[in-house]
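Structural overview
If you want the building blocks of each chain, they are given just below.
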Amino acid sequence: MSTRNAEKETANGLKPFYLYAMNTIVLCLLITVEIVLVVNNRNARYLGGFPAWYVLLPASLVLTVENVIKIWALKSYGAKTVCYVLDIVLLLTLTVFTDGTLISTLYIIILTEFYVNQKSLAGSIAMLVASIILFLCAFAVSGWLRGSAVSVGNLISSGINDIILLVLHFLIINFTVQTVSKNKELRMAFDELNVSSEKLRIAYKELQEITALEERQRIAKDIHDTAGHSITTVIMQTEAAKLVMESDPEEAKLRISAANLQAKHALEELRESVHLLSGTGGELTLKEQIESIIHDTTDGTGIAVRSTVDDLTLCDAKSRFICNTLKEGISNGLRHGGATAFYFELKQEGGQIRFLLSDNGKGLEISSLKEGFGLSGMHDRAESLGGSVWFETEADEGFEIHLTLPADGGKGDSGEKN
């Protein structure tokens, strides 16, 4: 059942159809009992011959009409308060002018409608106690009018069965009303839970789509920034080689080697980006990826790379950053420093991953170092992963890149997974 349907139920949890059926039964029973009361007491006389049916007939008619209005026309509990007071007055009147037969049944019929529409259990208890007291008082008045001796003992003994019926009726009706009300609350809570669950599912789906879009945008930016930069460098190196081809063949050869290496790096970056976009990550370990980069650097170029690499397991984001930093460092050493040899070290010390790349290039004074796109990008990416990067260089002493990152699960680990 939907929340909207639940709201159409009454305060006690009954659906309109069931409430309609119950009200119809209550009215039918009320009219039947009133007819029986009038017929059974048609010959009764009080106060020196006053016929009882002179009072019973109009009181029964008023009680019937008043309950029709109360049940079918009045919806709020506040609007029914006057009717409940009138019910009590009419019930007392019928009790006084009858022999007591079926009076408790009449009370039960009227109290049923009250219990069903009463939101507070305390209110129902108060009505039960008041009804029993008034019932006994009316019995006492009825006995006095008949000329019978009236005492508390006689009242309780003669009305004990009726009192027991009123109490049992109270327990049964209110237990049923409370059970239905709790079931309604549980259904509404379950419906709200289903609605919340559906909203969470939709939100999670939207979050997945947003995350996928952001990842694609990030990869597209990586392609533009890294592969595009590498290809631009290849063009610049080959153009420079053309200019010195005749005047300085060795310099031209070095330029072409650097361009070849940069082209290989660009191809690797494009392949990696394609794997990420297709959702199929690379199957190589970090150590295997580094060995592949080193092999591509030394293969047919005359460049020497000595390395010490621990077999580490890192998240994809950190692994890509380490590999890209190694490629960028080698490319910068060849292009700007004229390096012919490199030393690379990657190891874990405690909760830190330490990266060192050193070359034998011409270097420069650290004060004159201007960080371009590649070096400034290293700073930003290292900080986003919870690490840091710094550079050491002197004129004619080569160039060193130092990088530290938190090991996966270590203190300061960003936990980024891509």
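Residues numbered from 1 in each chain as written. Predicted model: local features only at pLDDT ≥ 70, side-chain atom pairs only at ≥ 80, totals over all residues. Heavy atoms only, no water.

Time to look at the packing of aromatic side chains. The final tally for this structure, using the stated rule, is 6 aromatic pairs. Taken together, a centroid distance of 4.6 Å and an interplanar angle of 85° make the contact between tryptophan 53 and tyrosine 54 edge-to-face. Relative accessible area serves as the criterion here: at 35%, tryptophan 53 is assigned to the partly exposed category. Pairing phenylalanine 344 with phenylalanine 355 gives two aromatic rings, centres 4.9 Å apart and planes at 70°, and the pair type is edge-to-face. You can see phenylalanine 344 sitting in strand 4 (residues 341-349) and its partner phenylalanine 355 sitting in strand 5 (residues 352-359), a full 11 residues away along the chain. Relative accessible area serves as the criterion here: at 0%, phenylalanine 344 is assigned to the buried category. Exposure remark for phenylalanine 355: the relative accessible area of 3% places this residue in the buried category. Taken together, the ring pairs connect Tyr84, Phe114, Tyr115 and Phe170 into an aromatic cluster. (Phe/Tyr/Trp six-rings, centres within 6.5 Å; stacked < 30°, edge-to-face > 60°. Buried < 20%, exposed > 50% of the residue type's maximum accessible area, 1.4 Å probe, protein only. Helix = DSSP H or I, 4+ residues; strand = E, 2+ residues; numbered from the N terminus.)

Grouped together as the largest cluster of nonpolar side chains are 42 residues, with contacts concentrated most on Leu63, Leu94, Leu106, Tyr115 and Leu166. Residue assignment for this core shows that the elements contributing at least two residues are helix 2 (16-40), helix 3 (53-73), helix 4 (77-96), helix 5 (103-117), helix 6 (121-146) and helix 7 (152-244). Looking at this core, the element that brings in the most residues is helix 5, giving 10 residues. Discounting chain neighbours no more than four positions away, the residues touching leucine 166 are Ser104, Tyr107, Ile108, Leu111, Leu128 and Ile132. Judged by nonpolar contacts, the second largest core, of 37 residues, contains Ile293, Val309, Cys323 and Leu405. (Core = buried A, V, L, I, M, F, W, Y, C linked by side-chain atoms within 4.5 Å. Contact = heavy atoms within 4.5 Å.)

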